[in-house]
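One-letter residues, chain by chain:
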Amino acid sequence: EEGCAAANPQTPAIDKFTDPHLCVSCEITACKRCTFVAAGHAVCNECFPGFVGVGGSEGEFAECELWDHRTVLVIFGVFSGLLGLLFIVILLATVVGMWRLTWTYYFSDRLRNFTRHFTSRSEDTTDNAEALLPEHEQETIKALERNKVAIGQGLRISLMSSIKFSSMLRSSPQTAA
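Presented here is an overview of the structure given in this document. (Residues numbered from 1 in each chain as written. Predicted model: local features only at pLDDT ≥ 70, side-chain atom pairs only at ≥ 80, totals over all residues. Heavy atoms only, no water.)

## Observations regarding the pattern of salt bridges
Logical step 1: Counted by the stated rule, this structure contains two salt bridges.
Logical step 2: Note that Arg 33 and Glu 46 form a salt bridge whose closest N and O atoms lie 3.5 Å from each other. Of this pair, Arg 33 sits in strand β3 (residues 31-38) while Glu 46 is found in strand β4 (residues 41-47), placing the two residues 13 residues apart along the sequence.
Logical step 3: Judged by relative accessible area, Arg 33 falls into the partly exposed class, the value being 36%.
Logical step 4: The class of Glu 46 is partly exposed, set by a relative accessible area of 31%.
Logical step 5: Each of Lys 32, Arg 33 and Glu 46 takes part in one network of salt bridges that share partners. (Salt bridge = Lys/Arg side-chain N within 4 Å of Asp/Glu carboxyl O. Helix = DSSP H or I, 4+ residues; strand = E, 2+ residues; numbered from the N terminus. Buried < 20%, exposed > 50% of the residue type's maximum accessible area, 1.4 Å probe, protein only.)

## Examining the state of the cysteines
Logical step 1: Applying the stated rule across the entire model yields three disulfides.
Logical step 2: Through a disulfide, Cys 31 is tied to Cys 44; the S-S separation comes to 2.2 Å. Where Cys 31 bonds to Cys 44 through sulfur, the torsion about that S-S bond is close to 105 degrees, and the disulfide is right-handed. Placement of the pair is Cys 31 in strand β3 and Cys 44 in strand β4, with a sequence separation of 13 residues. Like Cys 44, Cys 31 is buried. (Disulfide = S-S within 2.5 Å.)

## Examining the nonpolar core
Logical step 1: Counting 12 residues, the largest nonpolar core is built from Ala 13, Cys 26, Ile 28, Ala 30, Cys 31, Cys 34, Phe 36, Ala 42, Cys 44, Cys 47, Phe 61 and Cys 64.
Logical step 2: Of all elements in the fold, only β3 and β4 reach the threshold of two or more residues within this core.
Logical step 3: Discounting residues that sit within four places of it in the chain, Cys 44 has contacts with Ile 28, Cys 31, Lys 32, Arg 33, Cys 34, Gly 59, Glu 60, Phe 61 and Cys 64. (Core = buried A, V, L, I, M, F, W, Y, C linked by side-chain atoms within 4.5 Å. Contact = heavy atoms within 4.5 Å.)

## With respect to the environment of Gly 56
Logical step 1: Relative to the elements of secondary structure, Gly 56 occurs in the loop between β5 (51-54) and β6 (63-66).
Logical step 2: By relative accessible area, which is 53% here, Gly 56 ends up exposed.
Logical step 3: Distance from Gly 56 to Val 43, taken between C-alpha atoms, is 8.6 Å for residues 13 residues apart in sequence.

## Digging into the environment of Pro 20
Logical step 1: For Pro 20, the location among the structural elements is in the loop between β1 (13-14) and β2 (23-24).
Logical step 2: With residues up to four places along the chain from it excluded, the contact list for Pro 20 reads Ile 14 and Asp 15.

## With respect to the pairing of β4
Logical step 1: The buried fraction of β4 is high, at five of seven residues.
Logical step 2: In the sheet, β3 pairs with β4 via six bridges, with the strands oriented antiparallel. Pairing of Cys 31 across the sheet is with Cys 47, part of β4.
Logical step 3: Taking the residues between adjacent antiparallel strands as the criterion, β3 and β4 are bridged by two residues, where Gly 40 takes a positive phi near 80 degrees. (Pairing = 2+ DSSP bridges.)

## So, the side chain of Asp 15
Logical step 1: Within the secondary structure layout, Asp 15 lies in the loop between β1 and β2.
Logical step 2: Other than its neighbours up to four places away in sequence, Asp 15 contacts Pro 20, Leu 22, Val 24, Phe 36, Ala 38, Ala 39 and Gly 40.

Here is the structure:
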């Protein structure tokens, strides 16, 4: 058996019950050296570094397991903590961003109401209110109006197309299957 392990570490044992001249691998995962006690059944004598033998007496283990489960738990805990922290940061950034947007629009709406209240009735108050807004907000309002018109046109075109399509289907001759 020592010759088998030296020649090929992947086949360190001899199954003397099946073929006493053939080097075979251990069926036990992470087992460095094993002994066959019956045809096709082995016990592990030594596990690879980082693994510990369990399920049997000293030197005759049924399987090899990862030696330190705490390492896996610590890595999982750190990963979960970082993932949770990332989630909290994203949630906080979203809440702060929405708060800032709401606050900005709240004050811009109050500014419009203020200018409407104190301007004369003969003047066009909408233009005066928009003139008092910052330029980027004026562009945002204009872009919203353009989008509203474009969406309305798109819906009308879609409705007209679906009506034409359904009338074409009704007018086509029905084929028998």
